[in-house]
Amino acid sequence: MTPPRQSGRSATAGFTLVEVIVVISIVVALTGVCYTAGKGMITRARIIGSTANLRSLAIANIGYLSDHGTYAPAADRYNNRRWHGTRSATDGRFDPREGLLAPYLGRSMQVNYCPLLKSIISGSQSFEDGTGGYGYNSSYIGGRPGGGYDRTTLLLIPARPSQIPDPGNTVMFTTTAYALANGVQEYAYCEPPFWDYGFGPSGHRPSPSVHFRANGKALVAWCDGKVTAEQKNSTKGSTNPHGGDSDSAGLGWFGPEERNGYWNPDFRSPPADSP
């Protein structure tokens, strides 16, 4: 009997070099796609987590407002009691369970750490322990322009609801950081584009602290409780006194800067000297 004719390669033949190269190329390409997709999913999850943290901070501050008639003070005269913690001396570490917002932050009594910042900060790089990577609008919400203090408590005099005509367009908290020569650290305040010493925004800029780490955007909690992602504007921040490069660190400001933009509750209102 004539054996059946075999077509092509025999069953025992191996792969050719070209076929092996093609298979390896496909595996490498798929690995790259999976890695990119996985990295994107991780970043999105971190953004969702950070957004939830900011929303919790806004709710906590609204809870403080409900009990006290004002938003939480940002700090005391000696800078030892702050919204995010308390320390016994200026060179001490903050206890995050003793911050002015602590009673409103659930069982932990402290700010949840931003997963986006946690992924880029290493070791103990901060003297701002307890902020979680978020900063308070101390210039207009946690305090008032000019920085007056309560005579009894020695805390900054914060804003009242009547002083916030447009809460949906007034910044409460943002993702923040401070640039150092070797990276970034936590920072407790989201500084406005210009210092306001009580006479309106001056020509002097602070070192920027709003951190655009959410896929190039900053996460912002507004005074009405909502949280949004905001694009950095074109203003460049200068090198700060501690050797950090603000631009390289992804720090800056967002939105309009006239009259300090969204930081200033009255920026849409006509100036006092307008006709």
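Located above this text is the structure these notes cover.
A. Seen up close, the packing of aromatic side chains. Tallying each qualifying case throughout the model produces ten aromatic pairs. Measuring from centroid to centroid gives 6.1 Å for Trp83 and Tyr136, while their planes differ by 70°, and the two rings are edge-to-face. Taken together, the positions of Trp83 in the loop between strand S1 (81-82) and strand S2 (85-86) and Tyr136 in strand S3 (residues 134-136) put the pair 53 residues apart, joining distant regions of the chain. The exposure classification of Trp83 matches that of Tyr136, with both residues buried. Three or more aromatic residues joined by ring pairs form one cluster here, namely Trp222, Phe254, Tyr262, Trp263 and Phe267.

B. Representation of the sheet that holds strand S8 (residues 217-222). Taken together, four strands build an open sheet; the order of strands is S3-S4-S8-S9 and the sheet is antiparallel. Pairing within the sheet leaves two strands with one partner each, and these edge strands are S3 and strand S9 (227-231). Here the strands of the sheet are splayed against their neighbours by 30° on average, with no regard to which way each runs. Direction of pairing for S8 relative to S9: antiparallel, over a ladder of five bridges. Across the sheet, the residue bridging to Val220 is Thr228, located in S9.

C. Spotlight on the layout of surface pockets. Space inside the largest pocket adds up to approximately 400 Å³. Forming the walls of the largest pocket are 19 residues, and the residues nearest its centre are Ser138, Ser139, Gly147, Leu156 and Trp195. Looking at the lining of the largest pocket residue by residue, the class counts come to eight nonpolar, six polar and five charged.

D. The environment of Gly99, seen in detail. Tracing the backbone shows Gly99 in the loop between S2 and helix H2 (115-118). Under the relative-accessibility criterion, Gly99 is labelled buried at 7%. Setting aside chain neighbours within four positions, we find Gly99 in contact with Arg82, Trp83, His84, Gly85 and Thr86.

E. Looking closely at the pattern of salt bridges. Counted by the stated rule, this structure contains four salt bridges. Close ionic contact of Arg93 with Asp129 constitutes a salt bridge, the shortest N to O distance being 3.2 Å. Here Asp129 lies in the loop between H2 and S3 and Arg93 lies in the loop between S2 and H2, a separation of 36 residues in the sequence. Residue Asp224 is joined to Lys226 by a salt bridge in which the shortest nitrogen-to-oxygen separation is 3.4 Å. For Lys226, a relative accessible area of 32% gives the class partly exposed.

F. Looking closely at the nonpolar core. With 42 residues, the main nonpolar core has Leu57, Tyr71, Trp83, Leu101, Tyr136 and Phe173 as its most contacted residues. Mapped onto this core, the elements with two or more residues apiece are helix H1 (17-68), H2, S3, strand S4 (171-175), strand S5 (178-180) and S8. With seven residues, the top contributor of residues to this core is H1. Counting 13 residues, the second-largest nonpolar core is a separate cluster that includes Tyr140, Val171, Trp222 and Phe267.

G. Representation of the environment of Phe267. Within the fold, Phe267 resides in the segment after strand S10 (251-252). Judged by relative accessible area, which is 16%, Phe267 ranks as buried. It is 9.6 Å that separates the C-alpha atoms of Phe267 and Pro256, two residues lying eleven residues apart in sequence. Not counting residues within four places of it along the chain, the set of residues in contact with Phe267 comprises Pro256, Glu258, Arg259, Gly261 and Tyr262.

Calculation notes
- Residues numbered from 1 in each chain as written.
- Predicted model: local features only at pLDDT ≥ 70, side-chain atom pairs only at ≥ 80, totals over all residues.
- Heavy atoms only, no water.
- Phe/Tyr/Trp six-rings, centres within 6.5 Å; stacked < 30°, edge-to-face > 60°.
- Helix = DSSP H or I, 4+ residues; strand = E, 2+ residues; numbered from the N terminus.
- Buried < 20%, exposed > 50% of the residue type's maximum accessible area, 1.4 Å probe, protein only.
- Pairing = 2+ DSSP bridges.
- Axes fitted to C-alpha atoms, helices over the stretch in contact; angles between N-to-C directions.
- 1 Å grid on protein atoms, 1.4 Å probe; cavity = no way out; pocket = protein on both sides within 12 Å on 5 of 7 lines; lining within 4 Å.
- Points joined across faces, edges and corners; volume = space filled by probe spheres on them.
- Nonpolar A, V, L, I, M, F, W, Y, C, P; charged D, E, K, R; others polar.
- Contact = heavy atoms within 4.5 Å.
- Salt bridge = Lys/Arg side-chain N within 4 Å of Asp/Glu carboxyl O.
- Core = buried A, V, L, I, M, F, W, Y, C linked by side-chain atoms within 4.5 Å.

Read these as geometric descriptors, not functional statements.
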